Amino acid sequence: MSCAAIQSPPGGLKDEIPPELIQTIPDGGSIHFKGGRVELIFSEFVDANTVERSIRVLPTLPEDPEIIYKGRRIFVEFPDSLNENQTYIISIDRTLKDEHKVALAQGIQVAFATGDKIDEGKISGTVTYQKASSVHLWKVQNEEDLTEFYKRIPDYVVDASDSGQYEFGYLSDGNYRLIAVDRSASGSPISPERMVVGLPWIPIIQISVSKEITGQNIRIPEKMGGLKMTQAEWRTGNWSTVTFSDKISEWASALKIHAIYEDSSLQQPKQFIDPLEEEKVHVTLSELGENRYVTFMTNGIMQGEETILDSGLIKVRVDTSTDTTNLSIKAPKKNFVLKIEEDKIIPIQIVFSILIDSEKSHNSFSLMQDTVSIPFYPTWISPLHSTITPMENWTPRTSYQIFIFRDEIHPEYGRSLKDSIKTISFKTSEYRGYGRLKGATSGKLPGKIIAEITSMEKEPSVFRSVVNLNGIFDMKKLPEGNYSLLFFKDLDGNDRYTHGRVHPYKPSEWFYAYPDTVKIRTNWDLELNQINLEQHP
């Protein structure tokens, strides 16, 4: 890109008005276009630093056109050798800003045709994603391109709006493939192993008799591919920690971690999930011998065709040095409030910093309310944490104390508690409130339909229910709060939404996002009726 040093005069009120495209030369919609220069004239000076990355010519040309910036004017230099009977589009996205950093109100497309008509095809939809996204579109060229299309630069690229809406215009008749990506990958060929992508549920989008194809909605997953083992750390003695890329607790029963010694022998260590950090797994080996290094190996976990956990290997150096630190309490923290329920006794969890010999630590705790001793059941869940469950339910909004006795708690490594008695003070909440969601769908779609609601919290909770043959779903005992509601067709039977796969190609599962926030209130039954799923095929 080249530019001239042109500036507008300083001073005046702060500019908050978005720049507008007020004229093109030749006019947008011109036919028999021969290439050469197209002039874009804006309502005000634009920021030179945003020009080049905001303007694309679609479909993609073999070489990027030269873009020249001159204040309010931008020149796009087309080559003279353009395809016959092709509609070309100058696409300007919202990256373009004026000199006061005010972005375009919405993206702009200007079309020119080398033939005698402007193509009229349109594809539109909404992308659901937590970050900024772009949508790639390929016109399928031949049979091979049907499967290999993603390896080349997309023919068309648009950025989704802040609300996720996108639209491709001026498309010729033909078959198209569609993929949504994180905006950082906009305009690039797809690398399935390195990019997070979302696919539509219609594998081939055809423009022929129907010129306007709407409702091509896409969900992009928050994370790419399956879980991965990312780190291994030797703690002390025979104790190690293996870390994964995300929470692994849901798959704990299927997870198998093996230890490979230096003589290539395979050992099966004991393992358990960290009670506070669910992406971590603690591993203990019964016999370590003289090994200086141990390689941890994880099995792959598959659910149908979906990869839940990638298999992997990580080599870690053994450190058997003596731990001299004192035992400490990692949870509960100061000012902890235990959320309790009226019809269920919720235990309080005590988490330690060092592995505990639970066989020797039988009488380690005492539970008090003021000066009254409370009968309770202690349960060791793992060598790192125990629970205390009172024989009778907690009293709401009440202060309690747990006493931990140094002489009765026996860590596997290091030293016991620094103080002879460790006191943990905490309070209970009011009884937690629950509501109920009942709904009826008026459209009957073939196959298994699942209703899924997700709480609008930093750490969201997800609840699912199958929509029965009569179109009814019923979710009981939902915590009070605001939720989003999703319906999807569970084609692979895994009870979770599947985003699709680029290679080998597999479309996503059909879904419909209920447009309103679902508000669950304590002791209330919320009924949603006449949700017409057939309007969103």
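All values derive from a computational prediction rather than experimental measurement.

What counts and what doesn't
Residues numbered from 1 in each chain as written. Predicted model: local features only at pLDDT ≥ 70, side-chain atom pairs only at ≥ 80, totals over all residues. Heavy atoms only, no water. Pairing = 2+ DSSP bridges. Helix = DSSP H or I, 4+ residues; strand = E, 2+ residues; numbered from the N terminus. Axes fitted to C-alpha atoms, helices over the stretch in contact; angles between N-to-C directions. Phe/Tyr/Trp six-rings, centres within 6.5 Å; stacked < 30°, edge-to-face > 60°. Buried < 20%, exposed > 50% of the residue type's maximum accessible area, 1.4 Å probe, protein only. Lys NZ or Arg CZ within 6 Å of the ring centre and 35° of its normal. Salt bridge = Lys/Arg side-chain N within 4 Å of Asp/Glu carboxyl O. pLDDT = per-residue confidence, 0-100. Core = buried A, V, L, I, M, F, W, Y, C linked by side-chain atoms within 4.5 Å. Polar contact = N/O pair within 3.5 Å; in protein donor to acceptor, adjacent residues only side chain to side chain. Contact = heavy atoms within 4.5 Å.

**Examining the sheet that holds strand β46 (residues 525–531)**
An order of β42-β39-β46 is seen for the three strands of this open sheet, with the pairing classed as mixed. Two strands in the sheet have a free side with no partner beyond their single neighbour: β42 (472–479) and β46. Ignoring which end each strand starts from, the neighbouring axes of this sheet average 15° apart. Strand direction decides the pairing type here: strand β39 (residues 434–441) and β42, joined by six bridges, are antiparallel. Paired with Lys438 across the strands is Asp474, a residue of β42.

**Points about the packing of aromatic side chains**
What the rule picks out here adds up to 22 aromatic pairs. With a centroid separation of 5.1 Å and an interplanar angle of 75°, the aromatic rings of Trp138 and Phe149 are classed as edge-to-face. One end of the pair, Trp138, is in strand β10 (residues 133–139); the other, Phe149, is in the loop between α2 (145–148) and β11 (156–159), with 11 residues separating them in the sequence. Of the two residues, Trp138 and Phe149, both sit in the buried class. Residues Trp394 and Tyr400 carry aromatic rings whose centres are separated by 4.9 Å and whose planes lie at 85° to one another, so their mutual orientation is edge-to-face. Here Trp394 falls in the buried class, since its relative accessible area comes to 1%. Cluster of aromatic residues (ring-pair linked, three or more members): Trp201, Phe488, Tyr497, Trp510 and Phe511. A cation over a ring is seen here: Arg37 above Phe75, with NZ or CZ 4.4 Å from the ring centre.

**Re the pattern of salt bridges**
As a working rule, side chains carrying opposite charge can pair if their charged atoms are close by. Considering all chains together, one arrives at 27 salt bridges under this definition. Between Lys101 and Asp47 there is a salt bridge, with the nearest N and O atoms lying 2.8 Å from each other. With Lys101 in the loop between β7 (87–92) and β8 (108–113) and Asp47 in the loop between β3 (36–42) and α1 (48–54), this residue pair connects regions lying 54 residues apart in the sequence. Arg397 serves as the salt-bridge partner of Glu430, at 3.9 Å between the closest nitrogen and oxygen.

**Quick notes on the pairing of strand β30 (residues 337–340)**
On β30, burial follows the alternation: Leu338 and Ile340 on one face are buried, whereas Val337 and Lys339 on the facing-out side are not. Across three bridges, β30 lies against strand β38 (residues 421–431) in parallel orientation. Paired with Val337 across the bridge in β38 is Lys427.

**Some points on the confidence of the model for the protein**
Averaged over every residue, the pLDDT of the protein is 92; residues scoring 70 or more account for 97%. Here strand β1 (residues 2–3) stands out as the least confident element of the protein, with mean pLDDT 50; strand β31 (residues 348–352) is the most confident, with 98.

**A look at the nonpolar core**
The biggest cluster of nonpolar side chains holds 27 residues, and the ones touching the most others in it are Ile350, Phe352, Leu367, Ile402 and Ile404. Counting only elements with at least two residues in this core, the list comes to β30, β31, β32 (365–369), β36 (399–405) and β38. Counting 25 residues, the second largest nonpolar core, distinct from the first, contains Phe244, Trp251, Tyr261 and Leu309.

**Quick word on the side chain of Ser172**
On the secondary structure map, Ser172 appears in the loop between β12 (165–171) and β13 (174–182). Residue classification places Ser172 among the buried positions, given a relative accessible area of 12%. A polar atom in the side chain of Ser172 sits 2.6 Å from the side chain of Lys139. Every residue in contact with Ser172, bar those within four places of it in the chain, is listed here: Asp119, Lys139 and Ile207.

**Quick word on the environment of Tyr483**
With respect to the element layout, Tyr483 can be found in strand β43 (residues 481–489). Once the C-alpha coordinates of Tyr483 and Phe149 are considered, the two residues, 334 residues apart in sequence, prove to be 38 Å apart. Ignoring any residue separated from it by four or fewer positions in sequence, one finds Tyr483 in contact with Ile453, Thr454, Ser455, Met456, Phe463, Leu478, Thr517, Val518 and Ile520. Looking at Tyr483, its side chain comes within polar contact range of the main-chain oxygen of Pro479, at 2.6 Å.

**A look at unusual backbone geometry**
In this structure, the amide linkage connecting Leu58 to the following residue, Pro59, adopts the cis form with an omega of -10°. Relative to the helices and strands, Pro59 is located in the loop between β4 (55–58) and β5 (66–70). Omega for the bond connecting His503 with Pro504 falls within 30 degrees of zero, at -10°, which places this linkage in the cis form. Here Pro504 shows up in the loop between β43 and β44 (511–513). Phi at Asn85 is positive, roughly 50°, even though this residue is not glycine. Residue Asn85 is classed as exposed on the basis of its relative accessible area, which comes to 60%.

**Points about the environment of Ile402**
Position of Ile402 among the secondary structure elements: in strand β36. In this structure Ile402 comes out as buried when scored by relative accessible area, which is 0%. Taking the C-alpha atoms as reference points, Ile402 and Leu533, separated by 131 residues in sequence, lie 53 Å from one another. Once residues lying within four places of it in the same chain are set aside, the contact partners of Ile402 are Ile348, Ile350, Phe365, Ser366, Leu367, Ile388, Lys422, Thr423, Ile424 and Phe426.

**Some words on the sheet that holds β30**
Strand order in the open sheet formed by five strands is β30-β38-β36-β32-β33, and the pairing between neighbours is mixed. Bordering the open sheet on either side are β30 and β33 (372–373), each of which pairs with just one other strand. Note: β36 against β38, seven bridges, orientation antiparallel. For Phe405, the partnering residue across the bridge sits in β38 and is Ile421.

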